[in-house]
Amino acid sequence: MLIVITGPTASGKTGKAVALARALDGEIISADSRQVYRGMDLGTGKDLDEYGEVPYHLIDICPAGYKYNLHEFLRDEQQARADIISRGRQPIMCGGTGLYVESVVKGIQLPPVPENRELRAQLSTMTLDELTVILKHYKTLRNNSDIDTCQRAIRAIEICKYYHDNPHLKAATEPHPLCDALVIGVAIDRDNRRRRITERLKARLDAGMVDEVRRLIDSGINPDDLIYYGLEYKYVTQYVIGQLTREQMFSGLETAIHRFAKRQMTWFRGMERRGTPIHWLPYDLPNDDFVAAVLALKDKMPAAESPS
């Protein structure tokens, strides 16, 4: 069985997942699209001190500046989960990247999509609005993650065009849903979510998030590659290179994170409509009670059939 702990940013997912891992002799698989990058710590909220002795996977596995993708995540997640199970331990996925979580639970398989340099060159001079129009031709946009920056939009178009031009790959992408996945959502009301987002942003800035971005740039990473990651790295990088004042950086980033959390909730509601049950538990439920509630839900899950 795979247990998933998900929810919007600043809901306290990591602490809940760690408490559960300790109770179940578990290991955590991160489902966060940015925590894979080394050196991007404060901006992605890795909070590695929370894990203590609990093993974790898919954190710090790529250099900053790399563009990790869904295909790679699904491959790496499957390998990590198989390894954890082979050692008789409980895999617990924790993260708020809804696309990653839903793709795993639905058993999505994705062939790798190669770089199309000719297409990238054709799209390189277009505005984000123009790229969005092209992307909408290929698919319905469920959220704005693909159109946060021009680089993201170009990659999304590249992927969509590849599958469009190679219809024979459709069979390879047919989902095979996990029959033994238990998805737990950490529920937090809008006001407390907004309060926690603002408090956490101030704390991360005080802890040196600007210096973290400066170190990444000084190490040779192109500022555009950091801006590609969005949110903290977009706004803080723009501040560091002089495109924004500190006040503009803070207010713009704060608003962007609030909007991001709202989009996350929209995705989770969409997951439920698309057939993935999410069992919501309060964010302020004490860890012992949270663990007890998850164990009760786990006990109610039907036993998975052995493969024939």
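Cut-offs applied
- Residue positions are counted from 1 within each chain, in the order its sequence is given.
- Local features in a predicted model are, by the rule used here, given only for residues with pLDDT of at least 70; side-chain atom pairs are given and counted only at 80 or more, and totals for whole chains, interfaces and linings are based on all residues.
- Calculated side-chain values reflect all of the structure's heavy atoms, with hydrogen atoms and water omitted.
- Criterion for a disulfide: a pair of cysteine sulfur atoms at a distance within 2.5 Å.
- Only protein chains enter the area calculation, which uses a 1.4 Å probe; residues under 20% of their type maximum are buried, those over 50% are exposed, and those in between are partly exposed.
- Centres within 6.5 Å are what make two rings of Phe, Tyr or Trp a pair, Trp counting through its six-membered ring; a difference in plane orientation under 30 degrees is then read as stacked, over 60 as edge-to-face, and the rest as tilted.
- Note on conventions: DSSP H or I runs of at least 4 residues are helices, E runs of at least 2 residues are strands, and numbering of each starts at the N terminus.
- A ring is considered to have a charge above it if a Lys NZ or an Arg CZ atom is located within 6 Å of its centre and within 35 degrees of its normal.
- Put simply, a salt bridge is a Lys or Arg side-chain nitrogen that is within 4 Å of an Asp or Glu carboxyl oxygen.
- For two strands to count as paired, DSSP must find a minimum of two bridges between them.
- Think of a nonpolar core as a cluster: buried Ala, Val, Leu, Ile, Met, Phe, Trp, Tyr and Cys residues, connected wherever their side-chain atoms sit within 4.5 Å.
- Contact criterion: two residues are considered in contact whenever any of their non-hydrogen atoms come within 4.5 Å of each other.
- Axes, fitted as lines to C-alpha atoms, cover a helix only where it is in contact. Angles between the N-to-C directions of the axes lie from 0 to 180 degrees.
- Just so you know how the angles are binned, under 35 degrees is roughly parallel, over 145 roughly antiparallel, 65 to 115 roughly perpendicular, and the rest oblique.
- Throughout, a crossing is termed right-handed when the near helix is turned clockwise from the far one, and left-handed when it is turned anticlockwise from it by less than a right angle.
- Gly counts as polar in this scheme, as do all residues outside two lists: the nonpolar Ala, Val, Leu, Ile, Met, Phe, Trp, Tyr, Cys and Pro, and the charged Asp, Glu, Lys and Arg.

A. Summary view of the state of the cysteines. Scanning the model with the defined rule gives 0 disulfides in all. Note on Cys94: no disulfide assigned, nearest cysteine sulfur contributed by Cys62 at a separation of 18 Å. The exposure class assigned to Cys94 is buried, which follows from its relative accessible area of 7%. In this model Cys150 remains outside any disulfide bridge; the closest cysteine sulfur is found in Cys160, 16 Å from its own.

B. Representation of the packing of aromatic side chains in the model. Enumeration according to the criterion identifies 6 aromatic pairs in this entry. Here Phe73 and Tyr100 contribute two aromatic rings whose centre-to-centre distance is 4.1 Å and whose plane-to-plane angle is 15°, an arrangement assigned as stacked. Of the two residues, Phe73 is situated in helix 2 (residues 70–86) and Tyr100 in helix 3 (residues 98–105); the sequence distance between them amounts to 27 residues. Accessibility classification places Phe73 together with Tyr100 in one group, the buried group. Ring geometry for Tyr228 and Tyr229: centres 5.7 Å apart, planes at 75°, overall edge-to-face. With respect to burial, Tyr228 and Tyr229 carry one shared label: buried. By the ring-pair criterion, three or more aromatic residues cluster together here, those being Tyr37, Tyr228 and Tyr229. Between Lys67 and the ring centre of Tyr228, over which it is positioned, the NZ or CZ distance is 4.8 Å.

C. The arrangement of the pattern of salt bridges in detail. Under the defined criterion, the tally for this structure stands at 22 salt bridges. In this structure, the salt-bridge partner of Glu115 is Arg117, at a minimum N-O distance of 3.2 Å. Accessibility expressed as a relative area gives 44% for Glu115, which makes it partly exposed. The class for Arg117 is exposed, based on a relative accessible area of 66%. Where Arg120 meets Glu115, a salt bridge forms, and the shortest distance between an N and an O atom there is 3.8 Å. Accessibility expressed as a relative area gives 31% for Arg120, which makes it partly exposed. Because the salt bridges share partners, they merge into one network encompassing Asp25, Glu27, Asp83, Arg87 and Arg89.

D. Representation of unusual backbone geometry. One non-glycine residue with positive phi stands out, namely Asp25, at about 55°. Summarising the element assignment, Asp25 is placed in the loop between helix 1 (13–24) and strand 2 (26–30). Within the chain, Asp47 stands out as a residue other than glycine whose phi angle is a positive 50°. Residue Asp47 is classed as partly exposed on the basis of its relative accessible area of 38%.

E. Seen up close, the sheet that holds strand 8 (residues 279–282). Here 6 strands make up an open sheet; going across it, the order is 4-2-6-1-7-8 and the pairing parallel. Of all strands in the sheet, those bounded by a partner on one side alone are strand 4 (56–57) and strand 8. Here strand 7 (residues 181–187) pairs with strand 8 via 4 bridges, running parallel. Bridging across to strand 8, Gly185 finds its partner in Trp280.

F. Up close: the nonpolar core. Counting 49 residues, the largest nonpolar core has Phe73 and Met93 as the members making the most contacts within it. Sort the elements by how many residues they give to this core and helix 11 (residues 246–273) lands first, with 9 residues. When sequence neighbours within four positions are dropped, the list of residues in contact with Met93 reads Leu2, Ile3, Val4, Ile5, Ile29, Ala31, Phe73, Glu77, Val101 and Val104. Of all hydrophobic cores here, the second largest spans 23 residues; its members include Ala19, Ile28, Val186 and Leu297.

G. Examining the environment of Leu226 more closely. Relative to the assigned elements, Leu226 resides in helix 9 (residues 223–228). Look at Leu226 and you get buried, because its relative accessible area is 0%. Spatially, the C-alpha atoms of Leu226 and Gly52 are 29 Å apart, while their sequence positions differ by 174 residues. Each residue touching Leu226, except ones within four places of it in the same chain, is listed here: Val213, Leu216, Ile217, Ile221, Tyr233, Lys234 and Thr237.

H. Up close: the packing of helix 7 (residues 190–206) against helix 11. Relative orientation of the contacting elements helix 7 and helix 11 amounts to 135°, with a least axis distance of 10 Å. Taken together, helix 7 and helix 11 sit at an angle that is classed as oblique. As for how helix 7 packs across helix 11, the hand of that crossing is right-handed. Touching Arg193, Arg194, Ile197, Thr198, Leu201, Lys202 and Leu205 of helix 7 are Arg246, Met249, Phe250, Leu253, Glu254, Ile257, His258, Ala261, Lys262 and Met265, all from helix 11. Residues of the contact of helix 7 with helix 11, tallied by class, amount to 9 nonpolar, 2 polar and 6 charged.

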